[in-house]
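Overview (structure and organization)
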Amino acid sequence: FAFSTSWNFRNSPVGSVLMEEILDLGFTKVELSYRISEEALATIEPMVAKGKIEVVSVHNVFPAVDDERFDTDSRLLGWDDEEIRRRAVALTIRSAEYAARLGASAIVVHPGIIPEETGQRASYDDRLKALWREGRCDSAEYRSLFAEFVAFRRDRAQEERERVLRSLTEIAEVLGRRKLPVRIGLENRPICSQMP
């Protein structure tokens, strides 16, 4: 088992403080989240070098990047703007390089999201979940909205999926050429328009 810094990243900007909190819980293996900055990492790396902490995975984009286009809920590897997509690929490769440097065997990736229309009153996810919470998952309104969402996703997913697969292929080819011993893990996502 490993403990993720997504639990305590807000507690301190000092990485070693975060690691000590996790050690105090009895964990020595960690996943470093995408919220860990390079400054925080500078105080974590000595702990890794001494064997006090073992990094098993890092969460893409790692270390943190202050650009919402590469956030965990962004289109990340599926951007239709080629320049942004290539930047996302480069950042993911950078995450893998950091993972290898830290001895981690995997990077966790949220590959993308199928964008909804701007100006839509609320996302499909928000509306479907609201109906579910109200106990109306068997209602005609829920079934109609769900069918509308499935059609929306089917109509838009193919191009997004192709860009994500192209990005993942490019990343895998670079990792293979550089012989980086890091696997890419695609995280299941809780928002219905996200992939996978």
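This text follows the structure it describes.
Residues numbered from 1 in each chain as written. Predicted model: local features only at pLDDT ≥ 70, side-chain atom pairs only at ≥ 80, totals over all residues. Heavy atoms only, no water.

A few words on the overall build of the chain. When helices and strands are tallied, the chain shows 5 helices and 7 strands. Reading the chain from its N end, one meets helices and strands in the order β-α-β-α-β-α-β-β-α-α-β-β. Put simply, the chain has 196 residues, and 45% of those count as buried. Summarising the internal contacts of the chain: among those between residues at least 6 apart in sequence, 73% fall at separations of at least 24. Counting only carbon and sulfur atoms, one obtains 51% of the accessible surface of the chain, whose full area is about 10800 Å². Where the 29 positive side-chain charges of the chain centre and where its 33 negative ones centre are 3 Å apart. (Helix = DSSP H or I, 4+ residues; strand = E, 2+ residues; numbered from the N terminus. Buried < 20%, exposed > 50% of the residue type's maximum accessible area, 1.4 Å probe, protein only. Contact = heavy atoms within 4.5 Å. Areas by Shrake-Rupley, 256 points an atom, 1.4 Å probe, with all protein chains shown as cover. Lys, Arg positive; Asp, Glu negative; His and termini not counted. Charge placed at Lys NZ, Arg CZ, Asp CG, Glu CD.)

The space that makes up the largest pocket amounts to roughly 170 Å³. Considering the residues around the largest pocket, the lining is formed by Tyr34, Arg35, Asn60, Val61, Ala64, Val65, Asp66, Asp67, Glu68, Phe70, Asp71 and Thr72. The class makeup of the residues in the lining of the largest pocket is 5 nonpolar, 2 polar and 5 charged. (1 Å grid on protein atoms, 1.4 Å probe; cavity = no way out; pocket = protein on both sides within 12 Å on 5 of 7 lines; lining within 4 Å. Points joined across faces, edges and corners; volume = space filled by probe spheres on them. Nonpolar A, V, L, I, M, F, W, Y, C, P; charged D, E, K, R; others polar.)

Another point: unusual backbone geometry. Peptide bonds are trans in most cases, and residues, glycine excluded, mostly fall at negative phi. With an omega of 0 degrees, the peptide bond between Asn60 and Val61 qualifies as cis. Inspection of the secondary structure assignment puts Val61 in the loop between β3 (54-59) and α3 (82-102). Omega for the bond connecting Phe62 with Pro63 falls within 30 degrees of zero, at -15 degrees, which places this linkage in the cis form. At Leu76, a residue that is not glycine, the phi angle is positive and equals roughly 30 degrees. Positionally, Leu76 belongs in the loop between β3 and α3.

Pairing analysis gives 4 bridges linking strand β2 (residues 29-32) to β3, with the strands arranged parallel. Directly across from Leu32, in β3, lies its bridge partner Val58. In this fold, the crossover linking β2 to β3 by way of helix α2 (residues 38-49) has right-handed handedness. Where β3 and strand β4 (residues 106-109) come together, 3 bridges link them in parallel fashion. The partner of His59 across the bridge, within β4, is Val108. Crossover handedness for the path β3 to α3 to β4: right-handed. (Pairing = 2+ DSSP bridges. Right-handed = clockwise from strand over helix to strand, strands pointing away.)

What follows covers the side chain of Ser57. With respect to the secondary-structure elements, Ser57 resides in strand β3. Reaching out from Ser57, the side chain makes a polar contact with the side chain of Glu31 at a distance of 3.1 Å. Residues in contact with Ser57, not counting those within four places in the same chain, are Val30, Glu31, Leu32, Ala104, Ala106 and Val108. (Polar contact = N/O pair within 3.5 Å; in protein donor to acceptor, adjacent residues only side chain to side chain.)

Next up on the list: the environment of Pro190. When you line up the elements, Pro190 lands in the loop between β6 (183-186) and β7 (194-195). Judged by its relative accessible area of 52%, Pro190 is exposed. Setting aside anything within four residues of it in sequence, one finds Pro190 in contact with Asp125 and Lys129.

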